[in-house]
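Structural description and commentary
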Amino acid sequence: MRLSKLIFAAVLMLLCSISAAAGFEGTDGVTYVPITGNDYVVDRLDGVPALYNAYDSYYQCSEYVQRYYLEVYGIEMDFSAAGPNIKTDGFSFEAVSTEPRTGDVAYIPAYNRGKSYGHWAIVKDYCSGTVTLIEQNWRWSNMAACERKISWPSASYIFYRLTNGETSSFPSCWAKDAVDQCRELNIGSTLHDNYRKPITRLEFCCMLMETVDCISPYTKNNDRLFLFDDTVSPVISDAVSLGIISQSSCFRPDDAITRQEAAVMMDGAVSALGLNGQNINTNAAPADDTVSEWALEAVENMLSLYFFVGDDSGSFMANEDVEVQHAYVLMMYLYNYAQDYHASTIRLTAADVAPSMWDFYSWEEYFKIRG
């Protein structure tokens, strides 16, 4: 009985210490995840994992911020009492008082923590006055903080943002090789001003037709210009004549293209190029109920070829917009898939192609493997 009381008291003291410390730093909510080994992944942002070791603090809070900006933006940085310091020419950080954005750096000085050292983190999300952080080395015992939440505006935290050019003006690290390869092939050469914006239906179709032409040059048909009421683009006419898209009254050229719409166009291109017949992902989950009936067959074809996958819950996210950088990766996937398809006398396997444009860190490894 005495032993059980001692254990209860110890647990109570630990919980009280966690609550007090969390409250002192302005923490509004946090999930604690048991650390079960070294290099343990607690959370991810843009494919960059927040890591913990079970019995030491090897992965410091600042290490994650440095690694995130190096892997996602190719920027080297260190820290001082004045804030983050950029070592890469052309960029800097500045303290901001506007609403935080995903990717902003968050810092709480030592005096605001009541400790002898400060703490660095990255904004994972912001919504209606609540900032969700991704971080390393914020823990008690063998429990790591995951998606810790703080209020904004904050009297304790300082937020820093990358300046001297928006981060959207260059691609994420997982897309950079695809962008470079597309440029060499003159694919999407006019879409380099904002890689993180949603790509329009016309922009996506033009990129796709440029990719198709690189794989198998086709005869341009400039005569049939009036197939749609809202565009006279000859590229759209070519796409219709090749069977990549279907003719209807409106093409909606300026609308952002969704994942299911992109899947339909990609499926049309695979058919037009004679690349169907492969079923690389034999374990592909069927399309879920986010997919419209008119896109169902195309989506399932693309799932079977690893052009797309769903999220962790199995949702295809059919109506999510496709960003410009995603489109570059898709075009290079199609181009490389076609080269492998024609070079091989046997059926392709999952090892021959990349897993998915939505699996960012796998794409990075894919391009390392391919060179």
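Above this text sits the structure in question.
Presented here is an overview of the structure given in this document. Because the structure is a prediction, the values reported are computed rather than measured.

**Comments concerning the overall build of the protein chain**
Helix and strand counts for the protein chain stand at 10 helices and 12 strands. The 371 residues of the protein chain split such that 49% are buried. Residue pairs at least 24 apart in sequence account for 65% of intrachain contacts in the protein chain once pairs closer than 6 positions are excluded. When the accessible area of the protein chain is evaluated, it comes to approximately 18,000 Å², of which 51% is carbon and sulfur surface.

**What about the nonpolar core?**
Here is a general trend for soluble globular proteins: nonpolar side chains tend to be buried in one another's company. The biggest cluster of nonpolar side chains holds 59 residues, and the ones touching the most others in it are Phe-204, Phe-307 and Leu-334. Looking at this core, the elements that each hand over two or more residues are helix 4 (173–184), helix 5 (201–215), helix 6 (234–241), helix 7 (259–272), helix 8 (296–304) and helix 9 (324–343). At 13 residues, the largest contribution of residues to this core is made by helix 9.

**Quick notes on the environment of Pro-100**
For Pro-100, the location among the structural elements is in the loop between strand 6 (92–96) and strand 7 (105–108). With 27 residues separating them in the primary sequence, Pro-100 and Cys-127 have C-alpha atoms 9.1 Å apart. Every residue in contact with Pro-100, bar those within four places of it in the chain, is listed here: Val-123, Tyr-126, Val-131, Trp-152, Phe-159 and Arg-161.

**Details of the packing of aromatic side chains**
Applying the stated criterion across every chain, the model contains 15 aromatic pairs. Taking the centre distance of 5.2 Å and the plane angle of 80° together, the rings of Tyr-69 and Phe-93 count as edge-to-face. Taken together, the residues Tyr-69 in helix 2 (residues 61–73) and Phe-93 in strand 6 connect sequence positions 24 residues apart. The exposure classification of Tyr-69 matches that of Phe-93, with both residues buried. Consider the rings of Phe-79 and Trp-120, whose centres lie 4.4 Å apart with planes at 40°: the pair is tilted.

**A few points about the packing of helix 5 against helix 7**
Following both chains from N to C, one finds helix 5 and helix 7 inclined at 20°, their axes separated by 11 Å at the closest point. Taken as axis vectors, helix 5 and helix 7 run roughly parallel relative to one another. Crossing handedness for the pair helix 5 and helix 7: right-handed. Here Arg-201, Phe-204, Cys-205, Leu-208 and Val-212 of helix 5 lie close against helix 7, whose contacting residues are Glu-261, Ala-262, Met-265, Met-266 and Ala-269.

About the criteria used
- Residues numbered from 1 in each chain as written.
- Predicted model: local features only at pLDDT ≥ 70, side-chain atom pairs only at ≥ 80, totals over all residues.
- Heavy atoms only, no water.
- Helix = DSSP H or I, 4+ residues; strand = E, 2+ residues; numbered from the N terminus.
- Buried < 20%, exposed > 50% of the residue type's maximum accessible area, 1.4 Å probe, protein only.
- Contact = heavy atoms within 4.5 Å.
- Areas by Shrake-Rupley, 256 points an atom, 1.4 Å probe, with all protein chains shown as cover.
- Core = buried A, V, L, I, M, F, W, Y, C linked by side-chain atoms within 4.5 Å.
- Phe/Tyr/Trp six-rings, centres within 6.5 Å; stacked < 30°, edge-to-face > 60°.
- Axes fitted to C-alpha atoms, helices over the stretch in contact; angles between N-to-C directions.
- Parallel < 35°, antiparallel > 145°, perpendicular 65-115°, else oblique.
- Left-handed = near helix turned anticlockwise from the far one by under 90°.

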